[in-house]
Amino acid sequence: MPAREPKQRSHTFEEVALGFGVDQAIEEANRCLSCKKPKCVDGCPVMVDIPNFIEAVRNGNLSDAAHILKEKNSLPAVCGRVCPQENQCEGLCIIGKKHEPVAIGALERFVADWEAAHIDGSSVVHPKPFGKKVAVIGCGPGGLTCAGDLAKMGYRVTIFEAFHDTGGVLRYGIPEFRLPKEIVDREVNYVKSLGVEIELNMVIGKIHTIAELMESGFEAVFIAVGAGAPVFMGIPGENLIGVYSANEFLTRVNLMKAYCMEEYDTPVITARKVAVIGAGNVAMDAARVALRLGADEVTIVYRRTEAEMPARLEEIHHAKEEGIQFQLLTNPKQILGDDKNRVCGMECIRMELGDRDEGGRRRPVPIEDSEFKIDCDMVIPALGNKANPLLTRNTPGLELNKWGNIIADEKTGATNIPGVFAGGDIVIGAATVIEAMGAGKRAAFAIDRYLRGASLDAEEELSGLPAEKQGA
Amino acid sequence: MIRILTKKTLVPKIKEYVVEAPLIARKARPGNFVLVRVDPKGERIPLTIADSDNGQGTITLVVQEIGKTTTMMGTLEEGAELLDLVGPLGKDREAPPGGQVIGFVSGGLGVAPMYPQTKACYQAGNRVISILGARNKDLLFWMDRIEAISHETYIATDDGSFGIHAYAAQVLEDLIQKGTRFDEVISIGPVPHMKACTNVCKKHGIPVVVSLNPIMVDGTGMCGGCRVTVHGQTYYACVDGPEFDGSGVDFDELSARQRTYLSFEADSLLHYQEEMEGKKHQCALNPAK
Ligand SMILES: Cc1cc2nc3c(=O)[nH]c(=O)nc-3n(C[C@H](O)[C@H](O)[C@H](O)COP(=O)(O)OP(=O)(O)OC[C@H]3O[C@@H](n4cnc5c(N)ncnc54)[C@H](O)[C@@H]3O)c2cc1C
Ligand code: FES
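Residues numbered from 1 in each chain as written. Chains lettered and ligands numbered in written order. Predicted model: local features only at pLDDT ≥ 70, side-chain atom pairs only at ≥ 80, totals over all residues. Heavy atoms only, no water.

### A word on the overall build of chain B
Secondary structure assignment for chain B yields nine helices and 16 strands. Scaling as 2.2 N^0.38, a compact globule of 289 residues should have a C-alpha radius of gyration of about 19 Å, and chain B matches this with 19 Å. For chain B, the residues scored as buried account for 56% of the 289 residues in total. Here the contacts in chain B between residues at least 6 apart in sequence split such that 65% fall between residues at least 24 apart. Put simply, chain B shows about 12100 Å² of open surface, and 51% of that area lies on carbon and sulfur atoms. (Helix = DSSP H or I, 4+ residues; strand = E, 2+ residues; numbered from the N terminus. Rg over C-alpha atoms; globule rule 2.2 N^0.38 Å. Buried < 20%, exposed > 50% of the residue type's maximum accessible area, 1.4 Å probe, protein only. Contact = heavy atoms within 4.5 Å. Areas by Shrake-Rupley, 256 points an atom, 1.4 Å probe, with all protein chains shown as cover.)

### A few points about the pattern of salt bridges
Between side chains of opposite charge, a pair can form as their charged atoms come close. Residues and elements named next belong to chain B. One pass over the full model with this rule turns up 43 salt bridges over all chains. Between Glu81 and Arg3 there is a salt bridge, with its nearest N and O atoms 3.8 Å apart. Of this pair, Glu81 sits in the loop between helix 2 (68-74) and strand 7 (84-89) while Arg3 is found in the segment before strand 1 (4-11), placing the two residues 78 residues apart along the sequence. Classification of Glu81 as partly exposed rests on a relative accessible area of 35%. Judged by its relative accessible area of 29%, Arg3 is partly exposed. (Salt bridge = Lys/Arg side-chain N within 4 Å of Asp/Glu carboxyl O.)

### A closer look at the nonpolar core
Residue and element names in this part refer to chain A. In terms of nonpolar packing, the biggest core is built from 72 residues, with Ile50, Phe53, Ile54, Val57 and Ile447 touching the most fellow members. Ranked by residue count, the leading element in this core is helix 18 (residues 433-451), at eight residues. The contact partners of Ile447, leaving out residues within four places of it in the chain, are Val134, Cys146, Leu150, Ala220, Phe222 and Phe421. (Core = buried A, V, L, I, M, F, W, Y, C linked by side-chain atoms within 4.5 Å.)

### A word on the interface of chain A and chain B
Contacts between the two partners involve 52 residues from chain A and, on the opposite side, 47 residues from chain B. When chain A packs against chain B, the two sides together hide about 4400 Å² of surface, and 52% of this comes from carbon and sulfur. Of all residues in chain A, the largest losses of buried area upon contact with chain B belong to Asn239, Glu263 and Asp265 of chain A, amounting jointly to 18% of the total for that side. Where chain A meets chain B, there are two salt bridges. Between Asp265 of chain A and Lys68 of chain B there is a salt bridge; the shortest N-O distance is 2.7 Å. If you look at where chain A meets chain B, you find 21 residue pairs in polar contact (both at pLDDT 80 or more). (Buried area = accessible area lost by both parts, 1.4 Å probe. Polar contact = N/O pair within 3.5 Å; in protein donor to acceptor, adjacent residues only side chain to side chain.)

### Description of the site of ligand 1
Residues and elements named next belong to chain A. The environment of ligand 1 is formed by 35 residues, the closest being Val82, Gly142, Glu161, Arg178 and Asp425. In this structure, Asp425 approaches ligand 1 through a side-chain N or O atom, which is 2.9 Å from an oxygen atom. Notes on ligand 1: free accessible area 1000 Å², of which the protein chains cover 94%. Elements with a minimum of two residues in the shell around ligand 1: helix 9 (141-152), helix 14 (281-292) and helix 18. Sorting elements by how many residues they give to the shell around ligand 1 places helix 14 first, with three residues. (Near = heavy atom within 4 Å.)

### Re the environment of Cys197 of chain B
Tracing the chain through its elements places Cys197 of chain B in helix 6 (residues 191-204). Not counting chain neighbours up to four residues away, the residues in contact with Cys197 of chain B comprise Val105, Ala169, Leu172 and Ser187 of chain B.

As structure tokens, then:
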């Protein structure tokens, strides 16, 4: 996919990937073999009918293509941009065995953007929901998907969101240059147009408990509060000034718009040399944001090798192009501070890959006496997120696993409390947008069955989602 | 609708707002705070709930104008609305069951966040001894309110312009020396004030609770920006506090972290004042937005 010049883009928050034009899209669609038994669909957690939407693109029927996409995926413009396609649809593409797989993600993005530009969705008047009331907690991709699907079935849905804005991680985590906030607004407006109410500034567990919501007339609840608690390393120096969790750094910049300090009031420290610890999407985002805020040098510090880096391939590729440095097989031991309590460096140790762990990944082990110092004045641990206990702590009786994630049925999202469902990062741990959406979708079907008094387990009736695909 | 019902200037630059917030008023407990935003481009700032009235559906906020957000809030008049208000946040603090001697020692603005706890403690049947400290007599407020819910009240100013000429912590020390037996002391105010009170209590083996006010963003345990060290362990003040056992708090780390953005904050206030005079500022990284 075409992208902005690395040199130029590393100083702005404008979107990096530029997307296909019509001709390019059709050319790419022509590469698809229209397999009879398409493997790609198996890789998609929400089972988009990929060969058919690509076929429509090939024939130039873009509004049909959009329609096919939206049947299964309510946020295609988002997914086209942030899904880890190489592990999902594109990873299973037959052509990919010998050549580049069909660029399914880029095509999805193209179709969604074409639709937004050419079809005025605002003229479509959706029927006003009439049915029972359902509360959705959290306005990230999981909550938005569940709410949208329930509203389409006629339920009256209210989303309660803790922040003063919508979108969850799509808004405060993933930066503008990767997912323009205009697109998040568009998707949220679509869900609102279906009749979903969104109440902001509502921290559930504090202002209302789940029991109170149910007493006040909500007959079912879907919990999609995300993971939402930063992980630190527990090494000395983590409370120095200049150490930010990726969550704090990205929230300051993305949600509170600290990158426009001329206009917006929330500040963020500007640093000369930044070390970002970790190599997932969150780490790549934090590194590339730090670069755009004006750092001279940004280094990803990761204890394994490039092959194990969990970030999307495209992000790693873009980060390298922009000049992000990589210190691989390196683990931090302590963060060093000056007399003003500010970060002035980080002591690290070199690692090597040892035996395989239960998951089959080779375990990194420290090499004795290989300590060395990295020069930096900001450190961003980006080690993922764990379950935030704020809501669960205030929901007596709700079953959690040993890490504090809610235990919910894979197929239905049902928790141990009748009428309470859960999905997304709060259930499976920090994962992906599309998995959260898949969980939201499955829960919407299950909530519908629950409210109609049907058994949750009647798989064949879960509207076209074969059971074996649901635990993806 | 988060309407400001009444606004009062308590002392220059410190204002009291009564805000319409029925859902928060219903849940507010001593120790809780809210986050406020007054402008679409503004920060989220934490403010302690200084009082609440479930019947009226209101909460009371006391705000000292120091940075841009608090200064902007100061320009809002009765009938105006706050942009965002989220809460109640923070741990609830239970009052001792009764029959104990509890000292409440405030410094400066600390008297406002101290009020709900003092009231709860008094109503639960404890003996309440309050000490209010301020830099000078012009910065003292709510003396009558505190007197009404205290068995003994002492007022002290750093410069002697009113009441006892001493720091509040010194008054606490003197009371202990003269034989007052405190079961617990709660100290709220600027970091040096809480540190001084903690030192007094530690010396005499009295349990001491302090209310920490680090910089916050979300207030829900999501960012970790509000982390503080207590007894060598890291806690998030917004969800694990804001109240902690003073004897374990690393006050020096807290004051260093509070100063993280001092220069930015000064710039931001200056910009605001310039804009009020008609100067425009625009973002260089993303001019479209
Ligand atoms: C920086 C970053 C980059 C990422 N990049 C990618 C990527 O490229 N591709 C990808 O697929 N995935 C990516 N992810 C992961 C992906 O964003 C998450 O898996 C996904 O957003 C989870 O969705 P969710 O709906 O479960 O929760 P979230 O998106 O976390 O939304 C939860 C919402 O609930 C709200 N909430 C929390 N507690 C409460 C409460 N008590 N009451 C009310 N509301 C509450 C939160 O404020 C939030 O808005 C990234 C994550 C981060 C942080
Ligand atoms: S303010 Fe973000 S964790 Fe406390």
